[in-house]
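Remarks on the overall topology
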Amino acid sequence: MAAITPFNFPLILTVSKIAPALAAGNCFIHKPSSQTPLSAITIAKIMDEAGMPAGSYNLVIGPGETVGNVLTQHPDVDKIAFTGSTKVGQSIVQDSALSMKHTTMELGGKSPNIIFADADMDRAVNIAFFAMFWNKSEVCVAGTRLLVERSIYNEFADKFIARVKQAKVGDPFDLTSSYGPMSSKGAWQKTLDYIETGKKDGATLATGGNAITVNGKGYFIEPTVFLNATNEMRIAREEIFGPVLPVIPFTDFDEAIRIANDSSYGLASGVQTRDLKKAIRASELIKAGTVWTNTWHHYSPGAPFGGYKLSGFGREHGIESFESYMQYKTVWTDLYE
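The model shown is predicted, which means the values in this text are computed figures rather than measured ones. (Residues numbered from 1 in each chain as written. Predicted model: local features only at pLDDT ≥ 70, side-chain atom pairs only at ≥ 80, totals over all residues. Heavy atoms only, no water.)

Points about helix α6 (residues 153-165)
Relative to the 18 Å expected for 13 residues at 1.5 Å per residue, α6 spans 18 Å between its end C-alpha atoms, a close match to the ideal helical length. Turning to α6, its buried residues number three or more, namely Y153, F156, A157, F160, I161 and V164. Considered in projection along α6, the buried side chains sweep an arc of 125° and stay on one side of the axis. Structural note: α6 exposes D158 and K165 on the side pointing more than 90 degrees away from its buried face. Those residues of α6 that are buried are in contact with β6 (112-115), α5 (121-133), β7 (145-149), β8 (204-207), β11 (224-227) and β12 (244-250). (Helix = DSSP H or I, 4+ residues; strand = E, 2+ residues; numbered from the N terminus. Expected span 1.5 Å × (residues − 1). Buried < 20%, exposed > 50% of the residue type's maximum accessible area, 1.4 Å probe, protein only. Arc of directions from axis to C-beta. Contact = heavy atoms within 4.5 Å.)

Okay, here's the thing in C-alpha cells:
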C-alpha cells in the first residue's frame, strides 16, 4: 500500500491514510509533498521509536514525477491512496490501471455554498467567510462558489464584503492574522492570474485583488470577492486554490440546486437556511460527498469523506476507509467424513 499526500494539512491527510492501512494489517509506503516533508519525517521517527517492525512503515521523499511515478507503476504496490489535484489524480489512475491497483482518490473541488433568503444573515456571513478563506483558501473543500438568493443578494453582499475587509492577512505565527501567505510562488502567481481572468470575464471586483507583502516579503494575496459573477465564468468553474470568490445570484430553490450541480466537481457543499425541510431536500439533491447545513469545516474520523465526479472516488475515515485497505476472500472447505 502507498499514499501520496499534498502540501496542505500534511499531517492530518497522512494519518487519515496510515491509520486504517496499518490497522488492516498492511505494510505502508508514504510519499509526502516535496514542499512539506518535515512532518512526514517526524511521523517516521515516531513509528521507529514506537517499535514498528522494520519494513511495515516506510517513507520515501522526492518529486512526484520520479518517486511518485515509481509507486504508481510498480506491480508490487497493491493500492494508491492520493489526495491532490484532479489532473495528477487522473494520471495516477491511468498508471495504476497497468497493474490493476486499487485506488482512493480525494481530488479537487469547487464547492457551492447556498445562502437562502431565510438564513440567519449574520451567521451566514461568518460561515461564508470561514468556508472560503480559512487557510488562505488552499483547502479542497473550501466554499469557493457563493450562491445567494436574489432577494437578499445586495444586502448580503454588503455585509459579506464588510466582513472580508476586516480580515488581516499577515504572519501566520501572529494569532491576529486571518491567514498567511500562499504556499509557493507558483500558487501565488496562479491566483493572481485568475483575478485578472475574473476581471476580463466581466465580474465586478468588489474587494481585494492585490498581492501584498508583510514586512517587505511573502507571497500574500488579499481576500478577493467578485460580485455579479455567473457560473459560466472560469473563476466559478475551475479550482483556483487561492482566495478568489465569485458571488452568484439565484432566483429560487430549483435554480440554486441546478447551479450547485453544474460543475465537474462534487467534493463538498453547504446550505444556509432556517428551514430544516429545505436543508434536507437540498442535501438529497446536491451531488457532493459532504453537505454542511448552517456550518462548514466540520469533520469526524468516524464519518466517511470523499467526492463525486472529478472530485474523486472512494472514502477516507469511517469503516469505509478501513475496508478499502482489505480484500474479501471466500473459502470453501469440504471435510472428510
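From this point, the narrative continues.
A short note on the environment of Q35
Along the chain, the position of Q35 falls in the loop between β2 (28-31) and α2 (38-49). Classification of Q35 as partly exposed rests on a relative accessible area of 41%. C-alpha of Q35 to C-alpha of K199: the two residues are 164 residues apart in sequence and 31 Å apart in space. Dropping the residues within four chain positions of it, Q35 is found in contact with F7, S183 and S184. Here the side chain of Q35 touches S183 through a polar contact of 3.4 Å, landing on its backbone oxygen. (Polar contact = N/O pair within 3.5 Å; in protein donor to acceptor, adjacent residues only side chain to side chain.)

Re the nonpolar core
The biggest cluster of nonpolar side chains holds 30 residues, and the ones touching the most others in it are I114, F116, L147, I235, F250 and I286. The set of elements that each furnish at least two residues to this core consists of α7 (185-200), α8 (234-237), β12, α9 (253-261) and α10 (276-285). Setting aside anything within four residues of it in sequence, one finds F116 in contact with E149, I152, F250, F253, A256, V271, Q272, T273 and K278. Among the nonpolar cores identified, the runner-up in size contains 27 residues, and I115, A119, M121 and F220 belong to it. (Core = buried A, V, L, I, M, F, W, Y, C linked by side-chain atoms within 4.5 Å.)

A look at the packing of helix α3 (residues 64-73) against helix α4 (residues 86-97)
Two measures define how a pair of helices packs: the angle their axes make with one another and the distance between the axes. Relative to each other, α3 and α4 sit at 40°, their axes nearing to 8 Å. Considering the angle they form, α3 stands oblique to α4. Taken together, the residues of α4 that come into contact with α3 (itself represented by N69, T72 and Q73) are I92, D95 and S96. Tallied by class, the residues present in the contact of α3 with α4 amount to 1 nonpolar, 4 polar and 1 charged. (Axes fitted to C-alpha atoms, helices over the stretch in contact; angles between N-to-C directions. Parallel < 35°, antiparallel > 145°, perpendicular 65-115°, else oblique. Nonpolar A, V, L, I, M, F, W, Y, C, P; charged D, E, K, R; others polar.)

A short note on the sheet that holds β12
Taken in spatial order, the 7 strands make up an open sheet running β8-β11-β12-β7-β6-β14-β15, and their pairing is mixed. Both edges of this open sheet fall to β8 and β15 (290-293), since each of them pairs with a single strand only. The mean inter-strand angle of the sheet, taken between neighbouring strand axes irrespective of direction, is 25°. The sheet contacts of α5 involve β6, β7, β11, β12 and β14 (268-272), and relative to β12 the element is tilted by about 135°. Strands β8, β11 and β12 of the sheet are contacted by α7, whose axis makes an angle of about 20° with β11. (Pairing = 2+ DSSP bridges.)

Focus on the environment of T293
Along the chain, T293 turns up in strand β15. In sequence terms T293 and I43 are 250 residues apart; their C-alpha atoms lie 35 Å from each other. Once residues within four sequence positions are removed from consideration, T293 is found in contact with V271, A279 and S283.

A closer look at the sheet that holds strand β1 (residues 2-4)
Pairing between sheet strands relies on hydrogen bonds along the backbone, with the strands arranged either parallel or antiparallel. What the 6 strands build is an open sheet, ordered β3-β2-β1-β4-β5-β17; its pairing is mixed. A strand with exactly one partner marks an edge of an open sheet, and here the two such strands are β3 (57-59) and β17 (312-313). Note: strand β4 (residues 79-83) against strand β5 (residues 102-106), 5 bridges, orientation parallel. Paired with F82 across the strands is M105, a residue of β5.

Structural notes on the pattern of salt bridges
Taken as a whole, this structure holds 10 salt bridges when the rule is applied. Note that K278 and D118 form a salt bridge whose closest N and O atoms lie 3.5 Å from each other. You can see K278 sitting in helix α10 and its partner D118 sitting in the loop between β6 and α5, a full 160 residues away along the chain. Judged by relative accessible area, D118 falls into the partly exposed class, the value being 23%. When the shortest N-O distance is used, the salt bridge between R234 and E238 registers 3.1 Å. A residue is classified by how much of its surface remains accessible, and E238, at 27% relative accessible area, is partly exposed. (Salt bridge = Lys/Arg side-chain N within 4 Å of Asp/Glu carboxyl O.)

Observations concerning the packing of α5 against α6
Close contact between α5 and α6 brings their axes to 10 Å; oriented N to C, the two are set at 50°. Comparing their axes, α6 and α5 come out oblique. Classified by chirality, the crossing of α6 by α5 is right-handed. Contacts from M121, D122, A124, V125, N126, A128, F129 and F133 in α5 reach E155, F156, K159, F160, R163 and V164 in α6. Of the residues in the contact of α5 with α6, the class split is 9 nonpolar, 1 polar and 4 charged. (Left-handed = near helix turned anticlockwise from the far one by under 90°.)

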